[in-house]
Amino acid sequence: MIVAVQGRGIVDPGQPVFRADDEAVLRGAMAFETMRSYAGVPFLLDRHLKRFAGSIEALALPPAPGVEEVLALASRAAPPDHVLRLYRSSLSLVATAAPLPANLEELRARGLALRTVDAGSPSALIAHAKATSYAASFAATRHAIAQGGDDAVLVSQGRVLDAPTANVWAVLGGDLLTPPLGAGVLPGVTRSFLLELGDAQERELTVEELYGADELFITSSIREVMPVTSIDGHAVASGPTAARLQAELRSAT
């Protein structure tokens, strides 16, 4: 992993980055952003930086001047294709570059098995902020894996929200649908890109609708368009939509 810290440059990834009195350490108050770099170029960078700035504002953290410089510092030291992450805490601005997960294409070929997990009532206070307070979400993923799944789908009162680190999509009766933004549904950058292609709609989805979906997939910057082949043990048929959108996404990189 490559680690770049504003004011320090490239640092040893084994060395401390965040101070013990940083709000990120004390209370988990830190904005972050994840993006994928193709051939050394971060994809949809402007959208990611806009969302990063919005998360910083929502969490009442200090602004992050110089963010593009620290990001470029980490990216230049990494292999051409990599995962880029930005972190803004109360005291530090950090960028990291790391290899892509090794099994992405294997998972895309076989499809994911999802398990629903009750998310309770997500807070609307920082509904659109991408913060590092992911303990509950990753607990949901661990619960799903313990039940034989690959990932979780968070639900609240029967309403579908997100996967812990991805947006959820379904094809129902020929319509491509994704839950609307709000508490529990983050404004994914890949989600916004696919919505602009013009053949998708935002509307609330129920768990029962996912069980009977013609096609189901999740999207994120790193996993791109990832098909789902089952949810809570209910088989979901493979279809052409995920493959088409994955091809359109890749063609834009």
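Structure's up top.
The following paragraphs examine the structure supplied in this document. All figures in this text were calculated on a predicted structure; none of them were measured in a lab.

Here we come to helix 5 (residues 135–146). Taking 1.5 Å per residue as the helical rise, helix 5 with its 12 residues ought to reach 16 Å, and the 16 Å between its terminal C-alpha atoms agrees with that figure. Listed as buried for helix 5 are Ser137, Ala140, Thr141 and Ala144. For helix 5, the arc enclosing every buried residue in end-on projection is 100°, short of the 170-degree limit, so these residues lie on one face. Those residues of helix 5 that are exposed and angled more than 90 degrees off the buried face are Ala135, Ala136, Arg142 and Ala146. Just beyond helix 5, the residue with positive phi is Gly148, at close to 95°.

Bringing the layout of surface pockets into the picture now. Approximately 150 Å³ is the volume found for the second largest pocket. Along the walls of the second largest pocket sit Arg47, Lys50, Arg51, Pro187, Gly188, Val189 and Ser192, which together make up its complete lining. At the level of elements, helix 2 (45–58) and helix 6 (189–195) are the ones that each hand at least two residues to the lining of the second largest pocket. Sort the elements by how many residues they give to the lining of the second largest pocket and helix 2 lands first, with three residues. Tallied by class, the residues present in the lining of the second largest pocket amount to two nonpolar, two polar and three charged.

It is worth spelling out helix 8 (residues 240–251) at this point. When the terminal C-alpha atoms of helix 8 are compared, their 17 Å separation across 12 residues agrees well with the 16 Å that a helix rising 1.5 Å per residue should span. All of the buried residues along helix 8 are Thr241, Ala242, Leu245, Gln246 and Leu249. Buried residues along helix 8 cover an arc of 130° about the axis, so they all sit on one side. Turned more than 90 degrees from where helix 8 packs its buried face, Pro240, Ala243 and Ser251 sit exposed. The inward-facing, buried residues of helix 8 abut helix 4 (104–110), strand 10 (167–172), strand 11 (175–178), helix 6, strand 13 (215–220) and strand 14 (224–231).

Rules used in this analysis
- Residues numbered from 1 in each chain as written.
- Predicted model: local features only at pLDDT ≥ 70, side-chain atom pairs only at ≥ 80, totals over all residues.
- Heavy atoms only, no water.
- Helix = DSSP H or I, 4+ residues; strand = E, 2+ residues; numbered from the N terminus.
- Expected span 1.5 Å × (residues − 1).
- Buried < 20%, exposed > 50% of the residue type's maximum accessible area, 1.4 Å probe, protein only.
- Arc of directions from axis to C-beta.
- 1 Å grid on protein atoms, 1.4 Å probe; cavity = no way out; pocket = protein on both sides within 12 Å on 5 of 7 lines; lining within 4 Å.
- Points joined across faces, edges and corners; volume = space filled by probe spheres on them.
- Nonpolar A, V, L, I, M, F, W, Y, C, P; charged D, E, K, R; others polar.
- Contact = heavy atoms within 4.5 Å.

The values reported here are purely geometric and, on their own, carry no functional implication.
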